[in-house]
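# Chain and residue survey
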Amino acid sequence: MDRRDFIKLTAVTGTSATLASCGNSEHQLIRFVPDEDLVPGVAEWKPGVCPLCAAGCGLSVRVMEADVETVRNGQAGVVKMGVAKKLEGQAGHPISQGGLCARGQAAIQVTYHPDRLAHPLKRSGARGAGELKEVTWDEAIAELVGHLDALAAAQDQKSLAFLTRPRRGRRLALAAEFLNRFGAPAPVPFELFGEEVLRRANAISFGHEQLPTFDLARSRFVIAFGADFLGTWNSPVAQNAAYGAMRQGRPGQRGAFVQVESRMSLTGANADQWVPVKPGTDGVLALGLAHVMLSNKLRPADAAGRAGAAIDGWSGGLADYTPARVEQVTGVSAKRVDRLARELVELGPAVAMIGGAPLAHTNGLFHALAVNALNGLLGAVGQPGGVFFTPGFQPSVPGPQVPSPQALQNLSAKVLLVDDVNPVFGAPKAWKVREALAKIPFIASFSSFLDETSSLADLILPDHSFLESWVDSTPESGALEAVTTVAGPVMKPLYQTRATADVLIEVAGKLKSPIALPWKTAEEVAKSQPPAPSPQSPPAARSPERLALRKYSEPVFDGDAAQYPFHFLPYMSQQFGDGSTAHLPWLQEMPDPLTSAMWSSWVEINPQTAERLEIAQGDLVDITSPHGVVRAPAMIFPGVAPDVIAMPVGQGHETFTRYASNRGVNPIGILAPATDAETGALAWAATRVKIARAGGGNGSLIMFAGEMREHPHEHETR
Amino acid sequence: MPHKWGMAVDLDRCTGCGACVTACHAENNIPTVGPAQAARGRAMHWLRVERYWEGDFPDVRLTFRPVMCQHCDAAPCEPVCPTYASHHTDEGLNAQVYNRCIGTRYCANACPYSVRFFDFFNPQWPKPLHLQLNPDVSVREVGVMEKCTFCVQRIRAVEIDAKAEKRELKDGDVKPACVQGCSARALVFGDLNDPESEVSRLSRSPRGSKLLEDVGTLPKVTYLERQTQV
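## Describing the domain arrangement of chain A
Residues and elements named next belong to chain A. Here chain A is described as being made up of domain 1 (3-111), domain 2 (136-192 + 402-463 + 498-527), domain 3 (212-388) and domain 4 (566-717). On the domain 4 side, the residues contacting the 8 residues of domain 1 number 11 residues. In total, domain 1 and domain 4 occlude about 750 Å² of area from one another, counting both sides; carbon and sulfur atoms represent 71% of this. When the buried surface of domain 1 facing domain 4 is broken down by residue, Ala102, Arg103 and Gln109 rank first, second and third, together holding 66% of it. The interface formed by domain 1 and domain 4 contains 0 salt bridges. At the boundary of domain 1 and domain 4, one finds 1 residue pair in polar contact (both at pLDDT 80 or more).

Okay, structure coming up:
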């Protein structure tokens, strides 16, 4: 026996003695003798997966010993256990490549958040009143099983609904299997900034219903339409790594980068040429570039293949998209269109990207198809420096993943399960999600926090944090090769929480007519493989509508242009994404990279517009759409078009822990329920607004630095 | 020859994403102060991303620059400290001894880069947020000045390991939290006394310059200018 074992043994004896009255001594042993062989002060590194977006970055988690106050088996005490101390990107992981974004760095606060739910809760007061009482897991599971059994008894299995984030790994496959075997409809996905338009376009153009991966590291010229690929879009960490290599990774060969958008994003700030366009016209510019290439025979027309064939007038050289016409529609000068097109060809290999706002218009699909055709023409598809589709990717749940208003409004369910999604916050008020939920007799949530949606639940069955459970990720984009990451828990649970996968499996087994699931534990679920892709034809060949030729139709904006003179652009926040990380204090206090604002909401106004409307920095401004009004302090922002009003999404939570509740305003609330004509996806950039100064600043705009410019007054008088 | 730690920041790689800012908080036990104190200018970010706007819409340009302690060789913060809390180490670090600091704030006054932060109150981590604290970094109490240390705890850890394993440090062995987290590889750290190290190589780049070079502080952080399309 060495010294270490001796000390362990004395600890066991001592603690067993003091806790003899506390019940099952076997469990008590776990409380005081860590089975992990951690040496105090020495770190161990364990693999993990970041859960905060769909990119699926591989983590390396620093685990060290700490004293944890917790409750085990009804007994409060201090446990010595290994706990996560720091998250790093996993070196050599194909997505994170050792790096991590700001949100990923802060993900550890999800686990250690002081307002995390520690045990199952049952509603005891009126719905949404926040009166919840603690129940045991046995009671909670019995309650849920009772409601499901009642549905089965009434032959009403169809009235079970499952609301979730789309494409979230094997756990979603488990939920789908559960619902399928129970006889309920497939999970209903919801994501505000969904990517259905782009997936559909890629299916039409390239036969891949999937988000693209860009080989930026080998590109020499990148043109991005609206895609905030260095900030929030697609797989930002992988894209940042590739971007760095594109700029300075090849001696003597620096890749050039052009960004097209109507409000300067973090990505746009890095561009060599920043090209503002009128909202909803990006695809016209893309085809204008193609027109110049075709009419000057810079590239062969057939290079675009089927991506080109989907565009009306392609074979005729895109006569409708002359630089002069492009200038009229987009506001980009004909000369610039001509020059850009030539640069794209001459400085290649070039690649075009599209994402974000251009796809969130009523004509969103057209823009994506136009950029796809441009990529085809540039010869960028599947070529070094071009656009790729990660092989072998399969969605967890097949079929469309459109967060449609119909799907949410028509939730005529009697029992609703909500997993990791907050549509009451994240859907336009006009969708009336709150009202739809109010009509559902029983709602259970797996949320770790009380947010706008989980606070309406009748039963909360809190999930483990991602550091306490088996996690898996097979991202659909971000790496040129297929990546599957599976990782076990890096630490023991802090609370009386349970992995949602385990809860679903237990519920399935306890039903009156039990459901046989192919997995027994959350671990098995995470480690399981999706079924091999069926050998049938790719989705591209299936539907005849794909043969339809697309042409530009003017975007339709909600709100009369005379009454509502500004385009309203809500955008995904660098800190909070769609708002789901607004509860993390590090992110609240992280200065926004473009404005240095912290703990705030703000509305970005062009300096000329502000001057005309006599709005000063920090003044309160009412932003009114036909669907509502929000009031936020003004941020005079040099990078936004004079007819565009931009606002970050993420703040304005009514209920979301001590750090985010009642902080700022939620711009999603005033969005019109407009959709892309073909896919039905929310057109979140298609709302018009008017703005009016509502009064002087009330101190709610908090900035780390001073004014946007060093000498703002000098600028005004210029 | 002792090490001389320095950093190079390639502004052509930096995208301004802010990962370094949060990584620094996570590594160095930097407290968040909350909205009310942040509004009074008391937020603490040892590392910040600065913005430089030029021009007017539509010809507008924005450049980012991450700014941390420049670990000056002629640091204005050092001679003004009455207690030698702010001092220069053998390895060229501009170090702060919290136990010596009596909070005169002369150093913050003298620093031309505004990278020193005063603890106006004891930090608070509502439980169990305290579990995120890095045991290798002391938590600063009210009344002392704190700043970027180039993650001295990581430097020491690597040095101790290397000594135990009886080997020399390799270039790239030491990575401060901001450098490790940077996915665009804009930040490079290493030994300026090793002419072959990546940081030395980058510091000699014709694109390189020091922040406020003309005030004579001899910073050990070199910024490599962002380039334009040619």
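## So, the nonpolar core
Formed by 246 residues in total, the largest nonpolar core has its most connected members in Phe225, Leu289, Trp314 and Ile623 of chain A together with Met7 of chain B. In terms of residue count, helix α14 (residues 364-378) of chain A provides more of this core than any other element does, 10 residues in total. With residues near it in sequence (within four places) discarded, tryptophan 314 of chain A still touches Leu287, Ala290, Leu294, Ala301, Ala304, Gly308, Ala373 and Leu377 of chain A. Of all hydrophobic cores here, the second largest spans 37 residues; its members include Leu144, Ala175, Ala501 and Leu517 of chain A.

## Section: the environment of aspartate 560 of chain A
The residue aspartate 560 of chain A is located in the loop between α20 (539-542) and β19 (566-572) in this model. For the pair aspartate 560 of chain A and glycine 183 of chain A, spaced 377 residues apart in the sequence, the C-alpha separation amounts to 46 Å.

## Let's talk about empty space enclosed by the protein
Residues and elements named next belong to chain B. Counted under the stated rule, the structure contains 12 cavities of 30 Å³ or more. Within this model, the largest cavity holds a volume of roughly 120 Å³. Lining the largest cavity we find 15 residues, and of these Cys14, Cys17, Gly18, Cys20 and Cys182 sit closest to its centre. Counted by class, the lining of the largest cavity contains 10 nonpolar, 5 polar and no charged residues.

## Observations regarding the interface of chain A and chain B
Counting residues at the interface gives 80 residues for chain A, matched by 62 residues for chain B. Between chain A and chain B, roughly 5,500 Å² of surface is buried when both sides are summed, and carbon and sulfur atoms account for 56% of that area. For the chain A face of the interface with chain B, the top three residues by lost area are Trp586, Glu589 and Phe704 of chain A, together amounting to 13%. Between the two partners, chain A and chain B, sit 4 salt bridges. With its nearest N and O atoms 2.8 Å apart, the salt bridge here joins lysine 127 of chain B to glutamate 69 of chain A. One can count 28 residue pairs in polar contact (both at pLDDT 80 or more) joining chain A with chain B. Broken down by secondary-structure element, the contributors of at least two residues to the side of chain A that touches chain B are β2 (58-72), β3 (75-89), α3 (102-106), α8 (236-248), α9 (266-269), β11 (273-276), α21 (585-588) and α23 (657-660) of chain A. Residues belonging to the side of chain A that touches chain B are distributed by class as follows: 46 nonpolar, 18 polar and 16 charged.

About the thresholds
- Residues numbered from 1 in each chain as written.
- Chains lettered and ligands numbered in written order.
- Predicted model: local features only at pLDDT ≥ 70, side-chain atom pairs only at ≥ 80, totals over all residues.
- Heavy atoms only, no water.
- Domains from an automatic or database assignment.
- Contact = heavy atoms within 4.5 Å.
- Buried area = accessible area lost by both parts, 1.4 Å probe.
- Salt bridge = Lys/Arg side-chain N within 4 Å of Asp/Glu carboxyl O.
- Polar contact = N/O pair within 3.5 Å; in protein donor to acceptor, adjacent residues only side chain to side chain.
- Core = buried A, V, L, I, M, F, W, Y, C linked by side-chain atoms within 4.5 Å.
- Buried < 20%, exposed > 50% of the residue type's maximum accessible area, 1.4 Å probe, protein only.
- Helix = DSSP H or I, 4+ residues; strand = E, 2+ residues; numbered from the N terminus.
- 1 Å grid on protein atoms, 1.4 Å probe; cavity = no way out; pocket = protein on both sides within 12 Å on 5 of 7 lines; lining within 4 Å.
- Points joined across faces, edges and corners; volume = space filled by probe spheres on them.
- Nonpolar A, V, L, I, M, F, W, Y, C, P; charged D, E, K, R; others polar.

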